[in-house]
Amino acid sequence: MRKVVNLLKIINMIVSVNVYYVILALIVLALFIKPLYARFIKKQGNKYDAMYLLIIFLLPVNWYTPKIISVTDCGEYKKEVVLFPAKRNGVEMGYGKNTFIFNDSDKKLILEYHFYGKNTPDEDEVDAMILPGNYVKINRVGVDHIFETLPDKVSSKSGGATKTSLRCE
């Protein structure tokens, strides 16, 4: 058991967003190969259709996998995903609906919440200034607008929407 724990510490638990999506696609493909083979090649009906339910478990994985945005300069950033609990710059990151924004630049960053329609701020939705060398953790899956201009209004079938933006000062 100790060897497994040491091996996990050696393996990089933070990967780019593109690698993360490739991993998810491979898992989905692995889940679908057997049922599709049974249905279309062997013509066995619904014998393996229960495996399709496994795909339902992959959706929450995407929602509860922490994201990392590392800003190196205004307009320059890198998106990453935490596959397993990891540490970065002394910050421990586990599972949850979180995004960590690291300011690796020499400029101040501003994280703002924008409320459209009838939406009002929750107690954890507070604008933040991220000083150089610091980070902020937000309870959202990502940031909607990174170094982009915000729309004046958004289309929403409900009463409103909450969007986040990240910009340089």
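It should be emphasised that the depicted structure is a prediction, and the values quoted were computed from it without experimental measurement. (Residues numbered from 1 in each chain as written. Predicted model: local features only at pLDDT ≥ 70, side-chain atom pairs only at ≥ 80, totals over all residues. Heavy atoms only, no water.)

**Focus on the overall build of the chain**
Counting its regular elements, the chain contains three helices and 11 strands. In sequence order, the secondary structure elements of the chain are arranged as α-β-α-α-β-β-β-β-β-β-β-β-β-β. Across the 169 residues that make up the chain, the buried fraction comes to 33%. Taking all contacts inside the chain whose residues are at least 6 apart in sequence as the whole, residues at least 24 apart take part in 63%. Summing over all exposed atoms, the chain offers an accessible surface of approximately 11,200 Å²; the carbon and sulfur share of this is 58%. (Helix = DSSP H or I, 4+ residues; strand = E, 2+ residues; numbered from the N terminus. Buried < 20%, exposed > 50% of the residue type's maximum accessible area, 1.4 Å probe, protein only. Contact = heavy atoms within 4.5 Å. Areas by Shrake-Rupley, 256 points an atom, 1.4 Å probe, with all protein chains shown as cover.)

**Focus on the state of the cysteines**
Taken as a whole, this structure holds one disulfide when the rule is applied. There is a disulfide in this structure between Cys74 and Cys168, and the S-S distance comes to 1.9 Å. Every disulfide takes its handedness from the sign of the S-S torsion; for Cys74 and Cys168 that torsion is -110 degrees, giving left-handed. Here the residue Cys74 occupies a position in the loop between β2 (67–73) and β3 (76–82), and Cys168 occupies one in strand β11 (residues 160–168), the gap between them amounting to 94 residues. Cys74 sits in the partly exposed class, given a relative accessible area of 34%. (Disulfide = S-S within 2.5 Å.)

**Considering the sheet that holds strand β10 (residues 145–146)**
On the basis of which strands lie adjacent, the open sheet formed by four strands has the order β8-β7-β11-β10 and mixed pairing. Edge positions in the sheet fall to β8 (128–130) and β10, since each has one partner strand and no second. Direction of pairing for β10 relative to β11: parallel, over a ladder of two bridges. Bridge pairing in β11 links His145 to Ser165. (Pairing = 2+ DSSP bridges.)

**Section: the nonpolar core**
Formed by 14 residues in total, the largest nonpolar core has its most connected members in Ile69, Ile101, Leu111, Val143 and Leu166. Of all the elements in the fold, those that place two or more residues in this core are β2, β7 (109–117), β8, β9 (135–138) and β11. Here this core gets three residues from one element, more than from any other, and that element is β7. In terms of nonpolar packing, the next biggest core, distinct from the first, is built from nine residues, Ile14, Ile68, Val82 and Met93 among them. (Core = buried A, V, L, I, M, F, W, Y, C linked by side-chain atoms within 4.5 Å.)

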